[in-house]
Amino acid sequence: MTAPQTGSSPTAQGDVLVRMDHVDKWFGDLHVLQDIDLSIHRGEVVVVIGPSGSGKSTLCRTINRLETIDKGEILLDGRPLPAEGKALAQLRAEVGMVFQSFNLFAHKTILENVTLGPTKVRGVKKADADRRGMELLERVGVAHQAEKYPAQLSGGQQQRVAIARALAMDPKVMLFDEPTSALDPEMIAEVLDVMVDLAERGMTMVVVTHEMGFARKAGDRVVFMADGAIVEEAPPEQFFTDPQSARAQDFLGKILNH
């Protein structure tokens, strides 16, 4: 496997924030994660790609324990993931998650969606949460929609709200599970622009995506998965121009030529 990028990349300076050691996961007889070893450094953007059914989303969801693992260990900031209870809730506050579907509360305004976590989980005063919430909505370009409800926004706007909501918890790492796959093509760019901005600000990110342009532009490292295993990992430019494995070559041949 190729070593992570060195030089000016965040990988060179950041310590390990997420470590997966010999992680296995089964769904019944299906071995969806096979002996996964992966370290994600503070400030690094890791883009996980691969064919459908390769285990990408499952890998992403194990990092905040939305999926449990059967073997191995996952450490966040040097600590094992807690199994349940308050410690697990605290962990999830430190790991932001953005899903394919936006998962906003339909009966709450956009601003209320963003401030709910900080006030309920972190005990932030409403006025402070509102002020921070408006700053984040401004950052993702939807502050003018603060008093509207999710159904009144486009899919792209709702996904940007979902990103703001995750950021409101001041997470150590952000997980993106195919955040643009449910969006119309014209809305994809507006969400990716927000994610590129986050990457440039130094947010640690794990991004499962089919958007190869984003991987090239914002990724520090590409992790290529197939059949539940990490087949190859490399800096984006190296991966896209000179993939080492036959599986990656085949995958790129199919997607880059259409």
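Residues numbered from 1 in each chain as written. Predicted model: local features only at pLDDT ≥ 70, side-chain atom pairs only at ≥ 80, totals over all residues. Heavy atoms only, no water.

1. Quick look at the overall build of the chain
Within the chain one finds 10 helices and 10 strands. Relative to the 2.2 N^0.38 estimate, which gives 18 Å for 258 residues, the radius of gyration of the chain is 18 Å and therefore close to what a compact globule would have. The principal-axis extents of the C-alpha atoms in the chain amount to approximately 55 × 40 × 40 Å. Counting all 258 residues of the chain, 53% fall into the buried class. For the chain, the exposed surface amounts to about 11700 Å²; the carbon and sulfur share of it is 49%. Averaged over its 28 positive side-chain charges, the chain has a centre that lies 7 Å from the centre of its 36 negative ones. (Helix = DSSP H or I, 4+ residues; strand = E, 2+ residues; numbered from the N terminus. Rg over C-alpha atoms; globule rule 2.2 N^0.38 Å. Buried < 20%, exposed > 50% of the residue type's maximum accessible area, 1.4 Å probe, protein only. Areas by Shrake-Rupley, 256 points an atom, 1.4 Å probe, with all protein chains shown as cover. Lys, Arg positive; Asp, Glu negative; His and termini not counted. Charge placed at Lys NZ, Arg CZ, Asp CG, Glu CD.)

2. Describing the pattern of salt bridges
One pass over the full model with this rule turns up 17 salt bridges. Where Arg-61 meets Glu-67, a salt bridge forms, and the shortest distance between an N and an O atom there is 3.7 Å. The salt bridge involving Lys-254 is made with Asp-250; its shortest N-O contact spans 3.3 Å. Taken together, the residues span about one helical turn, with Lys-254 and Asp-250 both in helix H10 (residues 246–256) at a distance of 4 residues. Counted as one network, the salt bridges with shared partners bring together Asp-15, Arg-42, Asp-77, Arg-79, Glu-94 and Lys-172. (Salt bridge = Lys/Arg side-chain N within 4 Å of Asp/Glu carboxyl O.)

3. Comments concerning the nonpolar core
For soluble globular proteins, nonpolar side chains are generally found buried alongside one another. Counting residues in each nonpolar core, the largest one holds 51 residues, and the members touching the most others are Leu-137, Ile-163, Met-174 and Met-205. In terms of residues, this core owes the most to one element, helix H7 (residues 185–200), which gives 9 residues. Those residues in contact with Leu-137 that sit more than four places away from it in its chain are Ile-110, Leu-111, Val-114, Val-142, Ala-143, Ala-146, Val-161 and Ala-164. (Core = buried A, V, L, I, M, F, W, Y, C linked by side-chain atoms within 4.5 Å. Contact = heavy atoms within 4.5 Å.)

4. A short note on the UniProt feature "domain: ABC transporter" (unreviewed entry) in the chain
The residues that UniProt annotates with the feature "domain: ABC transporter" (unreviewed entry) are residues 18–252. Along residues 18–252 one finds 39% helix and 26% strand; the C-alpha atoms at either end are 27 Å apart. (UniProt positions renumbered as here; feature names shortened; annotations may be inferred.)

5. Some remarks on the sheet that holds strand S6 (residues 95–98)
Taken in spatial order, the 6 strands of this open sheet run S6-S7-S8-S3-S9-S10, and their pairing is mixed. The outermost strands of the open sheet, each flanked by one partner alone, are S6 and strand S10 (229–234). Each neighbouring strand pair of the sheet contributes to a mean axis angle of 20°, computed without reference to strand direction. Contacting S6 and strand S7 (173–177), helix H6 (residues 155–167) runs over the sheet at an angle of about 170° to S6. Its contacts with the sheet put H7 on strand S3 (45–49), S7 and strand S8 (204–208), and the angle it makes with S8 is roughly 145°. (Pairing = 2+ DSSP bridges. Axes fitted to C-alpha atoms, helices over the stretch in contact; angles between N-to-C directions.)

6. Comments concerning the sheet that holds strand S4 (residues 71–76)
Taking strand neighbours across the sheet as the criterion, the 4 strands line up as S2-S1-S4-S5 in an open arrangement whose pairing is antiparallel. In the strand order of this sheet, the two ends are held by strand S2 (30–41) and strand S5 (79–80), each with one partner. Across 5 bridges, the pairing between strand S1 (residues 16–27) and S4 is antiparallel. When the sheet's bridge partners are listed, Met-20 is paired in S4 with Ile-74.

7. With respect to the pairing of S1
Two strands pair when backbone bridges link them, and S1 and S2 are joined in this way by 8 bridges, in the antiparallel orientation. Residue pairing for S2: Val-16 is matched across the bridge by His-41. Hairpin connection between S1 and S2: a loop of 2 residues separates the two successive antiparallel strands, and Gly-28 in this loop has a positive phi of roughly 65°.

8. Considering the environment of Val-194
Assignment of secondary structure puts Val-194 in helix H7. Each C-alpha atom, one on Val-194 and one on Glu-178, is 14 Å from the other, the two residues being 16 residues apart in sequence.

9. A look at unusual backbone geometry
A positive phi angle is found at Arg-65, which is not glycine, with a value near 65°. Locating Arg-65 in the fold gives a position in the loop between helix H2 (56–62) and S4. For Glu-178, which is not a glycine, the phi torsion comes out positive at approximately 45°. We classify Glu-178 as buried; its relative accessible area is 13%.

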